[in-house]
There are 4 protein chains.
Amino acid sequence: MSSTIGNVLKLSIFGESHSPAIGCSLDGLPAGIPIDMDALQAFLERRAPGRSKTATERNEADKPEILSGIHEGVTDGAPFAAIIRNANARSKDYEGLRSVPRPGHADYPARIKFGNWHDVAGGGHFSGRLTAPLCIAGGIALQALASLGITVAAHIASLGPDGIADEGLDELALDESQLARLRVRAFPTISSDAEERMTQAILDARASKDSIGGIIECAAYGVPAGIGDPMFDGLENRIARLAFGIPAVKGVDFGAGFAAAYLKGSENNDPYRIIDGAISTESNNAGGILGGISTGMPLIWQMAVKPTPSIAAPQKSVDMDAMQVAELVVRGRHDPCIVPRAVPVAEAVCALALLDALLEDGRFPQPDPQVIADR
Amino acid sequence: MSSTIGNVLKLSIFGESHSPAIGCSLDGLPAGIPIDMDALQAFLERRAPGRSKTATERNEADKPEILSGIHEGVTDGAPFAAIIRNANARSKDYEGLRSVPRPGHADYPARIKFGNWHDVAGGGHFSGRLTAPLCIAGGIALQALASLGITVAAHIASLGPDGIADEGLDELALDESQLARLRVRAFPTISSDAEERMTQAILDARASKDSIGGIIECAAYGVPAGIGDPMFDGLENRIARLAFGIPAVKGVDFGAGFAAAYLKGSENNDPYRIIDGAISTESNNAGGILGGISTGMPLIWQMAVKPTPSIAAPQKSVDMDAMQVAELVVRGRHDPCIVPRAVPVAEAVCALALLDALLEDGRFPQPDPQVIADR
Amino acid sequence: MSSTIGNVLKLSIFGESHSPAIGCSLDGLPAGIPIDMDALQAFLERRAPGRSKTATERNEADKPEILSGIHEGVTDGAPFAAIIRNANARSKDYEGLRSVPRPGHADYPARIKFGNWHDVAGGGHFSGRLTAPLCIAGGIALQALASLGITVAAHIASLGPDGIADEGLDELALDESQLARLRVRAFPTISSDAEERMTQAILDARASKDSIGGIIECAAYGVPAGIGDPMFDGLENRIARLAFGIPAVKGVDFGAGFAAAYLKGSENNDPYRIIDGAISTESNNAGGILGGISTGMPLIWQMAVKPTPSIAAPQKSVDMDAMQVAELVVRGRHDPCIVPRAVPVAEAVCALALLDALLEDGRFPQPDPQVIADR
Amino acid sequence: MSSTIGNVLKLSIFGESHSPAIGCSLDGLPAGIPIDMDALQAFLERRAPGRSKTATERNEADKPEILSGIHEGVTDGAPFAAIIRNANARSKDYEGLRSVPRPGHADYPARIKFGNWHDVAGGGHFSGRLTAPLCIAGGIALQALASLGITVAAHIASLGPDGIADEGLDELALDESQLARLRVRAFPTISSDAEERMTQAILDARASKDSIGGIIECAAYGVPAGIGDPMFDGLENRIARLAFGIPAVKGVDFGAGFAAAYLKGSENNDPYRIIDGAISTESNNAGGILGGISTGMPLIWQMAVKPTPSIAAPQKSVDMDAMQVAELVVRGRHDPCIVPRAVPVAEAVCALALLDALLEDGRFPQPDPQVIADR
């Protein structure tokens, strides 16, 4: 089993939806990176429910407690660790689910794998709640990357059965005005028109006791060329391996991605050019990655998020103990769409993958002694 | 850098397009699995060029030499290793490429990463040729899985800009007649009509000095439920991590994949049912995986292959030493479409990922002593 | 950096001596193992200071808080995690040490590696205190092994410059009376005479403001033959890799160990014999391991613990900022001998290494469903 | 199973004593390191049998064939791979051993683990012959370290039951005259008197159909301070994990090692001093490592090599199939002492561990483009 990942930067996620706490450890952060705790908290807020009219009003206290790794506001070289308390330890409310698996959730295969001991409450270790510690670690990684001039940004590219589309992130260069528009709103789109239409689609889904999914696009600007390794530790492999750890993600692609399958070589290849004495490409169907290694162009990738499995409408299932059909009604309030909440998680995994690759490449610069002297 | 992957079953790939040999080592195979060398060779032939009218006629001698790990036709528990000689060590033919990177290839970022020492000939370690040792290891894994009743099969689901479609693999159960039709032809489609149309599209691309891509669908039948681990070592993570190591792959998805982003929860969830005293699902949008763990339904996934970067038409590039624009004409014969050759590679990575997960789960049965007694 | 280790059973340790908490996560524990929290606490008490007349009276509240992985007293398959609060966050007391490294401690190289950000207080992440979470994880592993009939026991084999010797653990078979004598006393020796003499030696060391070291012998009884892997994942490699993570350990050997270098082959080889229809050896110089793999004989190994670096007497050091010599007096109360406290840590690392190897070998039996039914 | 090791520099060893070939792959070598093939061959010769009057005269052709990773005499960034052909595929000569395990060898536990498929000939994958590819990889690593000014040297510190001692390596600084004396002779001692006495002891052992062991001391000079990581990836952990992969090694210690257990803190601590404006220590009982991290002082460690298990005298064993006692006479010529041959292997593992740690630390300098321009 592995909730542990990374070569030089090693992340471990632990916790279950209804255990006393969830958390993470992140081993391999260089010393000397200043960490802004308010910025970290703001990042976590982007993931938390209850902020907008589309989300579930379940109350989650998502304020992390840092256990180690940061001393006087700066990483100190020791492994970073943080936890978040689970306020609602209501394991017994889910007892009925022990024998009737929810379609689209991990209940059934988890019971096969772990037997009767699997803590089915809220999904146990499979719960979307585990993306919170992933975001703590990712938030730290984002700040580390920012100190190197690397910016990561994600948004909802497409939402729902109608494929409501947002304006796409600039694939050729960092567009500050785009990011400004993205950051000004609580709902993660660049265009306000897209926000309105997507929000309505989510409310409609809730009204019909159903759920919808979407596609998230994520970009990383300022990644130097030459990062990543051939074959199994390329940037695509590293990002995909993390991204598929996000519940509900069923697809990951890079640059033109699945669309490249419909292009001709003359259309898909990115010709090289020289601008201001630097080499770049005229297009970026490669998504900033060739042979697993960064080209210096913006890194662009997408992940497909399936519609939330927990829907209010009755569903067909089986009673595993009695071995007969059973109808299931999932209780409690559930998000009709988790895509907005998954947007910061996409940034988190992108940052963790990039930082590990940068550290392995040896290019993460040594901490500046002047920083500490000036504090 | 990592051309090494796996938890219990550890694969290492080595070699370059024009080095003396390419090869692999595979560490962790249980002892006692009979290996049919003729079947392995036949599997490698599916990948080799020059077999059909669409491929390049470059001559590649792809007969592997087994160096260790197999004794008297059975795996003996020691690490398996095999090499394939490179017949054409023509490094100098590529000298002109040293400073002018080919668009869509790894030349440019590889030079940034490895400096002038990168052996650019034929793509060096980034060459599609490295999928040959990947297929040797995958071929061994396929035979190991077959001994457990697990069948892996892939085909071209869609080809070219027009999206020429093949009949889809059965997502609910192993359909022997489908596999029979798939296996009877050299070109990897179930339908002969699809073969004709796709073959024509490839010839057209060659005639226009261009290239096309496609989407490969792969299924694994007979995978028991409960295999794989939550979070970062789920079956999706394992398969994706290997698949993105195949040159030209730019996207991977599972089950409904990116299409799930356009479904409603009521459509995407797979209701449970009981058939012949066993639990299964009525549909299989999950692609046989929930929470990273197999459900017992067929495992279904897809990979997007971009059009071959090497096209005969002139392309715009730059001379990195002179720092000025340059036109590039890629010499030599190149496949206008590598999708047919990538089909067995998809099966290979699927098999390697599954076998590692099975071994880690502890369910790979002990070798049957009667097998050796009867030999 | 790696405070993370293991193939199937993955351990991560985090925390620093004076950070808010220290802890561990342990990923890969099978579900269904009953955990006795009182027994775990008792195991941790064996490591804690202040219990005997030889130890430091610094007050450490070592009661772990379980954060996840155990549900209703049984492991549930999700990663296990636990923390221990650090009661004394007195970082500023160590400020003077920031520029004057303590001989024998990690201060100097840690400052070179981590710059000025290294939290030098109490040794930061290098502190012996980090063996507490290692013991939590090890305590869980010990209980898992016990459920398979595997017993791990360690004691002080030799203490101090005079090499005060305890009776040796039985190398041929589990001797219950020996273990009974070992367990009855707070001081970890089999012989009470050894306890008296060793205790006196420790008190003498304290009186002379000095410290002493010793050698710990550890045995594992009931390990089935065939566990462990050749070459780099043999049981010796696995145990040594963990054991050298214990502060102050400077040597590890197996069976006859360094003494084997002085034996002839005819003396060191262990002849095979058959007793009660089972194969065993007449002697056990191999320490239960050949070729990295267990033989079924008791696993016997030793670790050398250097004398505590923190001594009360003044020492020569340098001021790294002023670049001139400086005298150092280490303040606070420190153990003149940490060997007694390291004994349970030896058992912990032995258990973790063995459990990982057992899980990788696939021999850890499936949890017994009857256990949960009966609760 | 793992014959694969390393974080950034990944080594895989494959092959068996009587399989067609043995070899290694080494993934993660930076590009641009010039490799002197004659020096590599000379290094392998130090390990090979048949060179001196004490060794077995079995004929082994140990000339490696490089398969990839080196282009025009310089590492090119692609994984390095090399093989050595096994000239003598005489598996059938060992048939009698299939059921009667040799004491002190891996035969018995290997058969339990791998069943009847284990290729027992010559020890299969457990054979000392597998140290040849370990030395190829180590030889490459040694050259990489030399390019950074790091020198690794090992010798026989003590041999046989009488503990014949060589002069010790200088623990405080590189002593060129010592290394010159060590390198001038075929037998790995600094003192010629030690060579004579040790050689005689080996001949005596052969005459009495027995074998002897010894202790090897290894030093690394010029290692910068700050290399290695706390806890489980310290230099001790890295070296020990590799060293215990060498057949016949039963103990590893660092600096004063097991002897430190008999020292007082005031004796064992190494006081700091300043010499020529640089910080060093007055003694080096730490062996150049504190808290797992290098101090800048010479890295000193030792490994204990047990006497060769294969002795000519008859031994007691059992017939595993008939389950009754059996006498065993090991046929063929075997070294009465493998210690001299293990000396270069100690250097190899030290170099591989150090290079991995250096690469992970990010301090391995970028290749010098001028080197290639001048060639």
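Residues numbered from 1 in each chain as written. Chains lettered and ligands numbered in written order. Predicted model: local features only at pLDDT ≥ 70, side-chain atom pairs only at ≥ 80, totals over all residues. Heavy atoms only, no water.

Next up on the list: unusual backbone geometry. Here the phi dihedral of Lys209(B) falls at roughly 55 degrees; this positive angle occurs in a residue that is not glycine. Checked against the element boundaries, Lys209(B) lands in the loop between helix H5 (192-207) and strand S10 (214-221). Given the relative accessible area of 48%, Lys209(B) is considered partly exposed. A positive phi is found at Asp276(C), a non-glycine position, where the angle reads about 50 degrees. Relative to the elements of secondary structure, Asp276(C) occurs in the loop between strand S12 (272-275) and strand S13 (278-281). (Helix = DSSP H or I, 4+ residues; strand = E, 2+ residues; numbered from the N terminus. Buried < 20%, exposed > 50% of the residue type's maximum accessible area, 1.4 Å probe, protein only.)

Here we come to the packing of helix H1 (residues 37-47) of chain B against helix H3 (residues 131-146) of chain B. All names here are of chain B. Here H1 crosses H3 at 140 degrees, and the two axes come no closer than 9 Å. Our classification of the angle between H1 and H3 gives oblique. Once H1 is placed against H3, the crossing between them reads as right-handed. Here H1 contributes Ala39, Leu40, Phe43, Leu44 and Arg47 to the contact with H3, which in turn contributes Thr131, Ala132, Cys135, Ile136, Gly138, Gly139, Ile140, Leu142 and Gln143. Residues that form the contact of H1 with H3 fall into these classes: nine nonpolar, four polar and one charged. (Axes fitted to C-alpha atoms, helices over the stretch in contact; angles between N-to-C directions. Parallel < 35°, antiparallel > 145°, perpendicular 65-115°, else oblique. Left-handed = near helix turned anticlockwise from the far one by under 90°. Contact = heavy atoms within 4.5 Å. Nonpolar A, V, L, I, M, F, W, Y, C, P; charged D, E, K, R; others polar.)

Right, let's get into the sheet that holds strand S3 (residues 21-27) of chain B. Residue and element names in this part refer to chain B. One open sheet holds the five strands; their spatial order is S1-S2-S3-S7-S4, and the pairing between them is antiparallel. What marks the edges here is a single partner per strand, and that holds for strand S1 (4-5) and strand S4 (65-68). Bridging between S1 and strand S2 (residues 10-15) involves two bridges; their strand directions are antiparallel. Bridging across to S2, Ile5 finds its partner in Leu11. Running over the sheet, H3 touches S2, S3 and strand S7 (80-85) and is turned about 30 degrees from S3. (Pairing = 2+ DSSP bridges.)

Another aspect to go through is the relation of the copies chain B and chain A. With an RMSD of 0.0 Å, chain B superimposes on chain A once it is rotated by 180 degrees and translated 0.0 Å along the axis. In the structure described here, the two chain copies are related by an operation that fits a two-fold rotation axis. The residues that chain B uses at the interface reappear at the interface of chain A in 100% of cases, marking a shared surface. (Least-squares fit on C-alpha atoms with pLDDT ≥ 70 in both.)

Quick look at the state of the cysteines now. Residue and element names in this part refer to chain A. Applying the stated rule across the entire model yields zero disulfides over all chains. As a non-bridged cysteine, Cys24 has Cys135 as the owner of its nearest cysteine sulfur, 10 Å distant. Look at Cys24 and you get buried, because its relative accessible area is 0%. Given the relative accessible area of 0%, Cys135 is considered buried. (Disulfide = S-S within 2.5 Å.)

Residues and elements named next belong to chain B. The end-to-end C-alpha distance of helix H8 (residues 339-361), which contains 23 residues, comes to 33 Å, matching closely the 33 Å that a straight helix rising 1.5 Å per residue would cover. The element H8 is largely enclosed, with a buried count of 23 among its 23 residues. Phi turns positive, to about 85 degrees, at Gly362, one or two residues after H8. (Expected span 1.5 Å × (residues − 1).)

Another point: the side chain of Thr199(A). With respect to the helices and strands, Thr199(A) occurs in helix H5 (residues 192-207). Among the polar contacts made by the side chain of Thr199(A), one reaches the main-chain carbonyl oxygen of Glu195(A) at a distance of 2.6 Å. (Polar contact = N/O pair within 3.5 Å; in protein donor to acceptor, adjacent residues only side chain to side chain.)

To continue, consider the packing of aromatic side chains. This model, assessed by the stated rule, comprises 16 aromatic pairs over all chains. A ring pair is formed by Phe254(A) and Phe244(B), whose centres lie 5.2 Å apart and whose planes are at 85 degrees; its orientation type is edge-to-face. Note that Phe254(A) is positioned in strand S11 (residues 249-254) and Phe244(B) in the loop between helix H6 (235-243) and strand S11 (249-254), a pairing that runs across two chains. Neither residue differs from the other here; Phe254(A) and Phe244(B) are each classed as buried. Measuring from centroid to centroid gives 6.3 Å for Phe254(B) and Trp301(B), while their planes differ by 25 degrees, and the two rings are stacked. Remark: Trp301(B) occurs in strand S16 (residues 299-305) and Phe254(B) occurs in strand S11; sequence separation between them is 47 residues. Residue Phe254(B) is classed as buried on the basis of its relative accessible area of 0%. Through successive ring pairs, a cluster of aromatic residues spans Phe244(A), Phe254(B) and Trp301(B). (Phe/Tyr/Trp six-rings, centres within 6.5 Å; stacked < 30°, edge-to-face > 60°.)

Attention now goes to the pairing of strand S8 (residues 151-159) of chain C. Residue and element names in this part refer to chain C. Along S8, eight of the nine residues are buried, which leaves the element largely enclosed by surrounding structure. Where S8 lies against strand S10 (residues 214-221), eight bridges are found, and the strand directions are antiparallel. Looking at the pairing, His155 lines up with Glu217 of S10. Here S8 runs beside strand S9 (residues 164-165); their pairing, made up of two bridges, is antiparallel. Its bridge partner lying in S9, Leu159 is registered against Ile164.

A few words on the interface of chain B and chain A. In this assembly, 102 residues from chain B lie in contact with 102 residues from chain A. When chain B packs against chain A, the two sides together hide about 8,000 Å² of surface, and 65% of this comes from carbon and sulfur. Among the residues of chain B in contact with chain A, Phe232(B), Lys250(B) and Tyr272(B) are the three that bury the most area, contributing 11% of the side total. Linking chain B to chain A there are 10 salt bridges. Two residues, Asp233(A) and Arg241(B), come together in a salt bridge whose shortest N-O distance is 3.2 Å. Applying the counting rule to chain B against chain A returns 35 residue pairs in polar contact (both at pLDDT 80 or more). Tallied by class, the residues present in the side of chain B that touches chain A amount to 52 nonpolar, 32 polar and 18 charged. Here three bridges tie S11(A) to S11(B), and the two strands are oriented antiparallel to one another. When the bridges of S11(B) are listed, Val252(A) appears paired with Val252(B). (Buried area = accessible area lost by both parts, 1.4 Å probe. Salt bridge = Lys/Arg side-chain N within 4 Å of Asp/Glu carboxyl O.)

Moving on, we get to the sheet that holds strand S1 (residues 4-5) of chain C. The strands that make up a sheet pair up through hydrogen bonds in the backbone, lying either parallel or antiparallel. Read from one edge of the open sheet, five strands run S1-S2-S3-S7-S4 (chain C), paired in antiparallel fashion. Among the strands making up the open sheet, the edge pair consists of S1 and strand S4 (65-68) of chain C.

Residues and elements named next belong to chain A. Averaged over every residue, the pLDDT of chain A is 89; the share at 70 or more is 88%. Confidence drops under a pLDDT of 50 for residues 57-61, and excluding neighbours within four residues, the segment shows 11 contacts in the predicted structure. The low-confidence segment residues 367-375, where pLDDT is below 50, has 11 contacts with residues more than four positions distant or belonging to other chains. Both scores are given for the predicted complex: the pTM is 0.91, the ipTM 0.94. (pLDDT = per-residue confidence, 0-100.)

Time to look at the pattern of salt bridges. Counted by the stated rule, this structure contains 64 salt bridges over all chains. Among the salt bridges present, the one from Arg111(C) reaches Asp321(C), with a minimum N-O distance of 2.7 Å. With Arg111(C) in helix H2 (residues 107-114) and Asp321(C) in the loop between strand S17 (315-319) and strand S18 (324-328), the pair connects residues that are 210 residues apart, well separated along the chain. When salt bridges with common partners are traced through the structure, they connect Lys113(A), Asp229(B), Arg238(B), Asp356(B), Glu360(B) and Asp361(B) into a single cluster.

To continue, consider the side chain of Gln41(A). Positionally, Gln41(A) belongs in helix H1 (residues 37-47). With residues near it in sequence (within four places) discarded, Gln41(A) still touches Asp62(A), Lys63(A) and Pro64(A).

This next bit is on the nonpolar core. Core analysis: the largest hydrophobic core is formed by 328 residues, its most contacted members being Trp301(A), Trp301(B), Trp301(C) and Trp301(D). Beyond its immediate chain neighbours, meaning those up to four positions away, Trp301(A) contacts Ile216(A), Glu217(A), Cys218(A), Ile239(A), Ala243(A), Val252(A), Asp253(A), Phe254(A), Gly255(A), Ala346(A), Val349(A) and Cys350(A). (Core = buried A, V, L, I, M, F, W, Y, C linked by side-chain atoms within 4.5 Å.)

Moving on, we come to the pairing of strand S16 (residues 299-305) of chain C. Residue and element names in this part refer to chain C. Burial runs high along S16: seven of the seven residues are buried. Neither face of S16 is open: one carries Leu299, Trp301, Met303 and Val305, the other Ile300, Gln302 and Ala304, and all of them are buried. Of the strand pairs in this sheet, strand S11 (residues 249-254) and S16 are connected by five bridges, and their pairing is antiparallel. When the bridges of S16 are listed, Val249 appears paired with Val305.

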